Amino acid sequence: VLETALGRAAARGMPDGTAIVALSPSSVLLGGPGRDGRVIASRFLGDTDHLEIAVQGLETPIHARAQAGAWPEGSAVRVRFDEALALVFPAAET
């Protein structure tokens with residue numbers, strides 16, 4: 001199991017060390033338990049919005065999909081992810 005700023009991700013078969021967790025916008029869950037965030041950009045896509053969210057503890061914003069109009073720009077939101085949809089890769093050595 002890999003601990004991240006947004007929760008745990010399964011790391012089966014991964015060697016010990018640093019890893020990268022990749023999340024698609026549809027794997028990001030909004031509301032409920034999670035890390036504090038704020039919507040910094042919202043793009044209307046019809047039935048959904050594509051959100052850019054600044055999350056406490058992360059260097060770069062994450063992207064999420066949500067029902068259109070549910071989380072307007074400036075909204076405070078709690079963020080986590082669906083562990084089953086997270087992709088985990090070993091980090092390249094530098």
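Up top you'll find the structure we're talking about.
### A word on the overall build of the protein
For the protein, the helix and strand inventory stands at 0 helices and 8 strands. Mapped from its N terminus to its C terminus, the protein presents α and β elements in the order β-β-β-β-β-β-β-β. Structurally, the protein occupies a C-alpha span of about 40 × 25 × 25 Å along its principal axes. Residues classed as buried in the protein amount to 26% of the 94 residues present. Of the contacts made within the protein by residues no fewer than 6 positions apart, 59% connect residues no fewer than 24 positions apart. Accessible surface, the protein as shown: approximately 6000 Å² in total, 52% of it carbon and sulfur. Positive and negative side-chain charges of the protein, numbering 8 and 11 respectively, have mean locations separated by a distance of 5 Å.

### Overview of the sheet that holds strand E4 (residues 28–44)
One open sheet holds the 4 strands; their spatial order is E6-E5-E4-E7, and the pairing between them is antiparallel. A single partner strand is all that each edge strand has here, and the edge strands are strand E6 (62–67) and strand E7 (76–81). Strand-to-strand twist of the sheet, defined as the mean angle between neighbouring strand axes without regard to direction, takes the value 55°. Across 6 bridges, the pairing between strand E5 (residues 48–55) and E6 is antiparallel. Bridging across to E6, Asp49 finds its partner in Ala66.

### Quick word on the pattern of salt bridges
One pass over the structure, following the stated rule, counts 3 salt bridges. A salt bridge links Glu3 to Arg8; the shortest N-O distance between them is 2.6 Å. Assigned by exposure class, Glu3 and Arg8 land together as exposed. Asp36 is the salt-bridge partner of Arg78, the closest N and O atoms lying 2.5 Å from each other. Linking Arg78 in strand E7 with Asp36 in strand E4, this pair joins segments that are 42 residues apart in sequence.

### With respect to the environment of Gly57
Residue position: Gly57 is located in the loop between E5 and E6. Taking the C-alpha atoms as reference points, Gly57 and Pro33, 24 residues apart in sequence, are found 15 Å from one another.

### Quick notes on the nonpolar core
General note: in soluble globular proteins, nonpolar side chains tend to be found buried as a group. Core analysis: the largest hydrophobic core is formed by 16 residues, its most contacted members being Leu6, Ile53, Val55, Ile62 and Val79. Those elements giving two or more residues to this core turn out to be E4, E5, E6 and E7.

Thresholds, definitions, all that
- Numbering of residues starts from 1 in every chain and runs along the sequence as written.
- Only residues with pLDDT of at least 70 are given local features in this predicted model, and only at 80 or more are side-chain atom pairs given and counted; all residues enter the totals for whole chains, interfaces and linings.
- Working from all heavy atoms in the structure, the side-chain values ignore hydrogens and water.
- Numbering of helices and strands runs from the N terminus, with a helix taken as a DSSP run of H or I at least four residues long and a strand as a DSSP run of E at least two residues long.
- We call a residue buried when its accessible area falls under 20% of the maximum for its residue type, exposed when it is over 50%, and partly exposed in between, using a 1.4 Å probe and counting protein chains only.
- Contacts were defined at the residue level, with two residues in contact if any of their heavy atoms lie within 4.5 Å.
- Calculation of accessible area relied on Shrake-Rupley with a 1.4 Å probe; when residues are assessed, cover is drawn exclusively from the protein chains displayed.
- The charge count includes Lys and Arg as positive and Asp and Glu as negative, but it does not include His or the ends of the chains.
- Taken as the charge centre is NZ of Lys, CZ of Arg, CG of Asp or CD of Glu, depending on the residue.
- At least two DSSP bridges between two strands are required for those strands to pair.
- Structural elements are reduced to axes, namely lines fitted to C-alpha atoms, with helices fitted over the stretch in contact, and the angle between N-to-C directions of any two is expressed from 0 to 180 degrees.
- Any Lys or Arg side-chain nitrogen located within 4 Å of an Asp or Glu carboxyl oxygen qualifies as a salt bridge.
- Among buried residues, those of type Ala, Val, Leu, Ile, Met, Phe, Trp, Tyr and Cys that are joined through side-chain atoms within 4.5 Å constitute a nonpolar core.

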